[in-house]
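A structural walkthrough
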Amino acid sequence: MKKSIFIFFSILFYSSYTFAQNPISGKIKAANGSIIPNATTKVRGTNLTSKANEFGIFTIDAKQAPPFYIQVSSVGYKPQDFQILKVQDTVELILVEDTQLDEIVVTSRRRSEVLQDVPIPITVIGGQAAENAGAFNVNRLKELVPSVQLYASNARNTTLNIRGLGSTFGLTNDGIDPGVGFYVDGVYHARPAATSTDFLDIERIEVIRGPQGTLFGKNTTAGAFNITTTKPSQTPSAKAEISVGNYNFMQAKASITGGLTKNLSAKLSISGTQRDGTIWNTREERKYSGQNNLGFKGQLYFTPSDRLQILLSGDVSVQNPAGYPLVIAGVAQTERSAYRQYARIISDLGYQQPKIDPFSREINTNTPWRHNQSIGGLSVNVDYKIGSGTLTSTTAWRFWNWDPTNDRDFSEVAALTKSQGNSRHDQYSQEIRYAGNITDKLSGVIGVFALGQNLQGLNQTEETGKDQWRFVQTANTGAQALYATPGLLDGFGIKTNSTIKSLSAAVFGQVDWEVLEHLHVLPGLRFTYDKKDVNYDRNTYGGLQTTDAALLALKAAVYSNQQFNTNTSNNNLSGNLTVSYRPTTKLNVYGTFSTAYKPVGVNVGGLPTTANGQADLSLAVVKPEYVEHYELGVKTKPFKGAILNITAFNTDIKDYQTNVQSPQLGVNRGYLANAEKVNVKGLEIDGTYQLERFLSLNAALSYLDGKYVTFTNAPLPLEETGHTEIINGVSTQVAFKDASGGRLPGISKWNVSGGAELSTAGNLTTQSGRYFVAGDVSYRSDYSSNATPSSVLNVAGYSLFNARLGFRSDKFSFFVWSRNIGNKNYYEQLQAAAGNSGLYAGVLGDPRTYGATLRFNF
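Residues numbered from 1 in each chain as written. Predicted model: local features only at pLDDT ≥ 70, side-chain atom pairs only at ≥ 80, totals over all residues. Heavy atoms only, no water.

1. A short note on the overall build of the protein chain
- Scanning the protein chain from N- to C-terminus turns up five helices and 53 strands.
- Dimensions of the protein chain, computed from C-alpha atoms along their principal axes, come out at roughly 120 × 60 × 55 Å.
- Partitioning the intrachain contacts of the protein chain with sequence separation of at least 6 by distance along the chain shows that 69% fall at a separation of at least 24.
- With the model as given, the accessible surface of the protein chain reaches about 35,000 Å², and the carbon-plus-sulfur share is 58%.
- With 79 positive and 70 negative side-chain charges, the protein chain shows a separation of 5 Å between the mean positions of the two kinds. (Helix = DSSP H or I, 4+ residues; strand = E, 2+ residues; numbered from the N terminus. Contact = heavy atoms within 4.5 Å. Areas by Shrake-Rupley, 256 points an atom, 1.4 Å probe, with all protein chains shown as cover. Lys, Arg positive; Asp, Glu negative; His and termini not counted. Charge placed at Lys NZ, Arg CZ, Asp CG, Glu CD.)

2. Details of the environment of Ala841
- You can see Ala841 is positioned in strand β52 (residues 839-844).
- Looking at Ala841, the relative accessible area reads 0%, which means it is buried.
- For the pair Ala841 and Glu54, spaced 787 residues apart in the sequence, the C-alpha separation amounts to 60 Å.
- Contacts of Ala841, omitting those with residues within four sequence positions, involve Leu326, Val327, Ile328, Ala329, Phe410, Gln829, Leu830 and Gln831. (Buried < 20%, exposed > 50% of the residue type's maximum accessible area, 1.4 Å probe, protein only.)

3. Some points on helix α5 (residues 549-558)
- Of the positions making up α5, those classed as buried are Leu551, Leu554, Lys555 and Val558. In an axial view of α5, the angular spread of the buried residues amounts to 100°, which keeps them on one side of the axis.
- Looking at the packing, one finds that the buried side of α5 touches α4 (468-472).
- The N-cap of α5, judged by a side-chain oxygen 2.8 Å from the amide nitrogen of Ala550 a few residues on, is Asp548. (Arc of directions from axis to C-beta. Polar contact = N/O pair within 3.5 Å; in protein donor to acceptor, adjacent residues only side chain to side chain.)

4. A look at the sheet that holds strand β24 (residues 327-331)
- Pairing is antiparallel in the open sheet, where three strands are placed in the order β24-β52-β51. Unpaired on one side and paired on the other, β24 and β51 (827-832) mark the two borders of the sheet. Each strand of the sheet is rotated relative to its neighbour by a mean of 30°, with strand direction disregarded.
- Relative to β52, β24 runs antiparallel, the two sharing four bridges. Across the sheet, the residue bridging to Val327 is Gly842, located in β52. (Pairing = 2+ DSSP bridges. Axes fitted to C-alpha atoms, helices over the stretch in contact; angles between N-to-C directions.)

5. A word on a nonpolar patch on the surface
- Where nonpolar side chains cluster on the molecular surface, the patch consists of Tyr384, Ile386, Leu391, Ile432, Val448 and Val507 and spans about 450 Å² of accessible area.
- For Val507, the location among the structural elements is in strand β31 (residues 493-516).
- A relative accessible area of 45% means that Val507 is categorised as partly exposed. (Patch = residues over 30% accessible without salt bridge, like charges linked within 9 Å, V, L, I, M, F, W, Y side chains within 5 Å. Salt bridge = Lys/Arg side-chain N within 4 Å of Asp/Glu carboxyl O.)

6. Side note on the sheet that holds strand β15 (residues 202-209)
- Read across the open sheet, the five strands follow the order β10-β15-β16-β13-β14; overall the sheet is mixed. Each edge of the open sheet carries a strand with a single partner, namely β10 (122-126) and β14 (187-188).
- Taken together, the five bridges between β10 and β15 define a ladder with antiparallel strand orientation. Counted as the bridge partner of Thr123 is Val207 from β15.

7. Brief notes about the pattern of salt bridges
- If you walk through the whole model with that rule in mind, you get 32 salt bridges.
- Across the pair Arg344 and Asp348 runs a salt bridge, and its minimum N-O distance is 3.2 Å. With Arg344 and Asp348 both in helix α3 (residues 342-348) and four residues apart, this pair spans about one turn of that helix.
- On the basis of relative accessible area, Asp348 is assigned to the partly exposed category, the value being 40%.
- A salt bridge links Arg470 to Asp348; its shortest N-O distance comes to 2.9 Å.

8. Some points on the pairing of strand β53 (residues 849-857)
- Examined bridge by bridge, strand β17 (residues 237-245) and β53 share seven bridges and lie antiparallel to one another. Pairing of Ile242 across the sheet is with Leu854, part of β53.
- Across eight bridges, strand β50 (residues 812-819) lies against β53 in antiparallel orientation. Bridge assignment links Phe814 to a residue of β53, and that residue is Leu854.

9. Structural notes on the environment of Phe711
- One can find Phe711 in the loop between β40 (695-710) and β41 (714-715).
- Given the relative accessible area of 1%, Phe711 is considered buried.
- Along the chain, Phe711 and Gly742 lie 31 residues apart, while their C-alpha atoms are 8.7 Å from each other.

10. Comments concerning the pairing of strand β18 (residues 249-261)
- Across nine bridges, β17 lies against β18 in antiparallel orientation. Pairing of Gly245 across the sheet is with Phe249, part of β18.
- The pairing of β18 with strand β19 (residues 264-275) spans eleven bridges and is antiparallel. Its bridge partner lying in β19, Thr261 is registered against Leu264.
- Counting the residues between successive antiparallel strands, the hairpin from β18 to β19 contains two residues.

11. What to know about the confidence of the model for the protein chain
- Residues at a pLDDT of 70 or more form 90% of the protein chain, whose mean pLDDT is 87.
- This stretch, residues 4-21, has a pLDDT under 50; its non-local contacts, to residues over four places away or in other chains, come to five contacts.
- Here residues 664-668 is a poorly scored stretch, pLDDT under 50, and it has 22 contacts once near neighbours within four places are set aside; other chains count. (pLDDT = per-residue confidence, 0-100.)

12. Quick look at the packing of aromatic side chains
- Taken as a whole and assessed by the stated rule, the structure comprises 22 aromatic pairs.
- Ring geometry for Phe182 against Phe225: centres 6.1 Å apart, planes inclined by 40°, an arrangement best described as tilted. Of this pair, Phe182 sits in strand β13 (residues 180-184) while Phe225 sits in strand β16 (residues 223-229), and the two are 43 residues apart along the sequence. This pair shows no difference in class: Phe182 is buried, exactly as Phe225 is.
- Judged by centre distance (5.9 Å) and plane angle (90°), the rings of Phe249 and Trp817 are edge-to-face. (Phe/Tyr/Trp six-rings, centres within 6.5 Å; stacked < 30°, edge-to-face > 60°.)

13. Focus: the nonpolar core
- Counting residues in each nonpolar core, the largest one holds 41 residues, and the members touching the most others are Val138, Leu160, Phe182, Ile205, Phe225, Tyr656 and Leu744.
- Not counting chain neighbours up to four residues away, the residues in contact with Leu160 comprise Val138, Val148, Gln149, Leu150, Leu165, Gly166, Ser167, Val180, Phe182, Thr195 and Phe225.
- Core analysis: the second largest hydrophobic core is formed by 37 residues, Val327, Val413, Leu718 and Leu830 among them. (Core = buried A, V, L, I, M, F, W, Y, C linked by side-chain atoms within 4.5 Å.)

14. Thoughts on the environment of Lys749
- The residue Lys749 is located in the loop between β44 (736-737) and β45 (750-764) in this model.
- C-alpha of Lys749 to C-alpha of Leu683: the two residues are 66 residues apart in sequence and 10 Å apart in space.
- The contacts of Lys749, once residues within four sequence positions are left out, are Ser702, Tyr703, Leu704, Asp705, Ser781 and Asp782.

15. Overview of unusual backbone geometry
- Of note in this structure, Thr765 is not a glycine but carries a positive phi near 55°.
- Position of Thr765 relative to the elements: it lies in the loop between β45 and β46 (767-780).
- Thr765 sits in the exposed class, given a relative accessible area of 74%.
- Located in the positive-phi region is Asn823, a residue other than glycine, with phi close to 55°.
- Here Asn823 is to be found in the loop between β50 and β51.

16. A short note on the side chain of Thr221
- If you trace the backbone, Thr221 turns up in the loop between β15 and β16.
- By relative accessible area, which is 7% here, Thr221 ends up buried.
- In contact with Thr221, other than residues within four places in its own chain, are Gly179, Gly210, Pro211, Ala596, Tyr597, Lys598 and Val627.

Below, the structure written as structure tokens:
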């Protein structure tokens, strides 16, 4: 017995010794056959690592019997796992470059496909590339993708457009749906504030241009952002990053992942961003326009079999920045009487004329600016392989809390002293779809989607100060003279509570049918139902307490009580037809015709009143947008390492949803309405070139021509406020004009971006990697910053140049960077002050920033 036990343990020991003394050896190469020196190898699930030599040869002792996995990584290549089934003399491991652009895989059609094979204009930005370029939220992407426009005076008032279409330009009205879909890991984010949160563990960002309603859950009349994050891994790993820069900029990111049990892995990520403001308030002696962000994301990934994958995600982002004030940009002469010009008003109130020096970055407002928000949610994504496809269920809840304070007169004057649009938003969404191959020649996707939203305005406040009387006074005679009554409008305001409950449900599907060899026909259909219920309750408070009927009438002309309830619903059948011809792997020619629609809207910004003082309910509902879209495109690989894509398109929109400004004093924020017809057409060219691992180039150009074909009831531009016309022989002041033929706001005719990176192999201390220098440049021509074309509210064209220089390896990276190196002074937006007295203000672009970033992978 003892002898048998001894023999057994001898065999076991010898077996272990044999495995320990028979390490795996091999050579690591690139896809083109070239040697990859100094790559890192690791036995998955252990801390056993080794490094290949300068000839790509490695040896590693797994200390275990096959089968097991070896993880191989090298800077500039995609990390990859290789399964070792048996011990052999040598193994050859092939890595694919992470810059091999023609092999980028996307999921924009709800299944994994090579980018160049997809007959849709898509720009893909890898997560690492976005971070290297300084894109820690969506705002930076507009410099990398010329067709993207993003304007934000704060997180709530954010306009995200693609090709100039998507959202209304200017102040956001909660009653309108965005036309650009924003998805993170398949979850639709309904509020534009999502674009302001910091990225966490981004794998890639797909910017999809043009209507895509037959592929995505929510209507996407202008395009979509499809953001994919990295999933948890069974292999324990971690990464950390810290950046520092001028204006006391500091950003820290960390992520850790690993297996909890055999089939369950987890990941936890955290990000924090802090920066001093770039605008100085001389009255408060404090800085504004800073950053103070904190974000968390946790995920559990359950993979009980090859067929079933379940991902549970939760995230929250809290932002308490030092406000985002607008600076006074100028004073325009309006067509009002001399008594109502801004300079005269300010003089009569005893103030000095405002300092018009916006790029001194100084303000003198007397109300603190605050733009606090929290945003987050939970989601469960289930993927189950059935046949040759995958059934996917995505269930999500998201919330958004908004707590702002704004000084709406943009100055030291106590006129419109408060503007607080406090909001709470909850959304619940469910999407179920099946995507995959039906036959060798037929594939597609079919799905259902439902989205419920509850958006509450919570005691939203607008309040006037002691100087407001002079801004609303039209003359100093008659009843108007009573506006000078001491304290009449001091602290007078409104508190609004509103609720929008909405439901959107849809059935959608699209197939890809190869009718002849290389010729694909892709029809798609979508049926959508939308319903919205609105409750609006606005009540006045403050000001002089009086029973004098004349004084009460003057107060009511500024603010009045308003209550209304309304509901609306509509449905729509839309679709698309694409024909794609792919004779070789180097050419994909396609043409698309599609229809789309943006749902019915509702007004919750206050309505103009009828002659009897009641809310004009005819303006409470905004008609849906209807889109007809034509597109021709070609995707090519003209020679090795190069990609060149060209797209031409034409989009017609009926009943375009836009903001208008009422001439009535009590509607300071404006309301939504429809322009009869809009047209946007354009041309997009983008190309990339990769020379081995040493040089990468990218460039993109976008030409956009957007105009109101018909807009007969447009609001007057600032400089025409007070305009009079002879109507029935009487000189009559008008508030609207025919803007047909005028250009759409926010659209630059020419948008250009480009970048280059040059790198070479080298060592830093004991780390082997690559030294690199990179730069990118972007240019935008001038664009209108007003709903109606204006001679003063136009943003001049500008160029921005950014650069970075450093070293990167598998485990360690360090680089210095600078954005807006030329310290270009530019506006992102211009906006008339409430009341249209002539003053206008601007949202400033960031000045020159610079700093350094250090990254570690463990």
